[in-house]
Amino acid sequence: VNSGLYVGVFYGNAEDATYYSELSDVNGSYSFWVPKHNSYTVMLTPPDGSGFALTTVAGVDFSVDTTQDFALQTSVTLSGKVTLPDGTPMANVRVTAAPAGTNSDLPDVYTDANGSYSYQLSSGSYDLDLYKSNVNQTNLLGRFYDYTSKDINVTSDVTHDIVLDFVKINGKTTDANGVAIAGA
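Conventions we followed
- Residues numbered from 1 in each chain as written.
- Predicted model: local features only at pLDDT ≥ 70, side-chain atom pairs only at ≥ 80, totals over all residues.
- Heavy atoms only, no water.
- Helix = DSSP H or I, 4+ residues; strand = E, 2+ residues; numbered from the N terminus.
- Buried < 20%, exposed > 50% of the residue type's maximum accessible area, 1.4 Å probe, protein only.
- Contact = heavy atoms within 4.5 Å.
- Polar contact = N/O pair within 3.5 Å; in protein donor to acceptor, adjacent residues only side chain to side chain.
- Phe/Tyr/Trp six-rings, centres within 6.5 Å; stacked < 30°, edge-to-face > 60°.
- Core = buried A, V, L, I, M, F, W, Y, C linked by side-chain atoms within 4.5 Å.

Focus: the environment of Ser149
Okay, so step 1: You can see Ser149 is positioned in strand β10 (residues 146-154).
Okay, so step 2: On the basis of relative accessibility, which here comes to 12%, the residue Ser149 falls in the buried class.
Okay, so step 3: Sequence separation of Ser149 and Ile162 is 13 residues, and the distance between their C-alpha atoms is 9.2 Å.
Okay, so step 4: Not counting residues up to four positions away in its chain, the partners in contact with Ser149 are Tyr126, Asp127, Leu128 and His160.
Okay, so step 5: In this structure the side chain of Ser149 is engaged in a polar contact, spanning 3.4 Å, whose partner is the side chain of His160.

Rendered as C-alpha cells:
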C-alpha cells in the first residue's frame, strides 16, 4: 500500500530505464540526486485512495540543479474488457498505457478473470498496448499477440473495450490411414 507521493524520474523506455525516486515529505517537498540529462520523464505516483492520478511529465530538463514543482490532477478512469471475437474474456493480459506518442509506459495492469482492466490516469491522450502474460497461461491461447490502440482521449471516465483480432481454427489429426490420433 502506497501511503505517500513518490516522485520518480527516468529517461528512455520506462521498462529499460534506470529509475530514481523519492517519497515526498509531509509538506509535499522532495529532493534527490540524478545524473544530468536534458529529457527526463517524471512520474508522480500518488498515495493509494487519494483520488489523484498517476501523473507523468515528459521532456523535463535536469541538466543543471533545478527546482521543479508539480501539480497532480484528479484521476479519470480508462477501463474496459479484453475479449475474443466470440465474447470469451481474456484473463491475465498485460495492459500498458503511455502518454500518446511517448515511450513512457505507466505501470502495467493485468486483466482479471472477466477480462476487465482499469487505469487511474490524469486527463490526456494515451496509447494502449496489450501483451501476452506469463501469468497462469496454461494453453496456447494468448501465448503471443500484440495490440496497439493510439491516441485514446481520456478527459473523463472512458470505457475502451478491446476485441482481439484472433480467428478460430479447427481440424482433426489423423495418421496416413485416417485414424484419429488423440493428443496430437
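Some details on the environment of Ala71
Okay, so step 1: Tracing the sequence through the fold places Ala71 in the loop between β4 (55-62) and β5 (76-83).
Okay, so step 2: Along the primary structure Ala71 and Phe52 are separated by 19 residues, whereas in three dimensions their C-alpha atoms are 10.0 Å apart.

Digging into the packing of aromatic side chains
Okay, so step 1: What the rule picks out here adds up to three aromatic pairs.
Okay, so step 2: Between Tyr30 and Phe32 the ring centres are 6.1 Å apart and the planes differ by 50°, which places this aromatic pair in the tilted class.
Okay, so step 3: For Tyr30, a relative accessible area of 27% corresponds to the partly exposed category.
Okay, so step 4: Ring plane angle 45° and centroid distance 5.6 Å describe the contact between Tyr40 and Phe62, whose orientation is recorded as tilted. Here Tyr40, found in strand β3 (residues 37-45), pairs with Phe62, found in strand β4; they are 22 residues apart in sequence, far enough to count as distant.
Okay, so step 5: Residue classification places Phe62 among the buried positions, given a relative accessible area of 12%.
Okay, so step 6: An aromatic cluster of at least three residues, connected via ring pairs, comprises Tyr30, Phe32 and Phe70.

Re the nonpolar core
Okay, so step 1: In terms of nonpolar packing, the biggest core is built from 23 residues, with Leu78, Val82, Leu106, Tyr117, Tyr119 and Leu128 touching the most fellow members.
Okay, so step 2: For this core, the elements supplying multiple residues, two or more each, are β5, β6 (94-99), β8 (116-121), β9 (124-131) and β10.
Okay, so step 3: Leave out the neighbours within four places in its chain, and Leu78 touches Tyr117, Ser118, Tyr119, Leu121, Leu128, Ile152, Val154, Val158 and His160.

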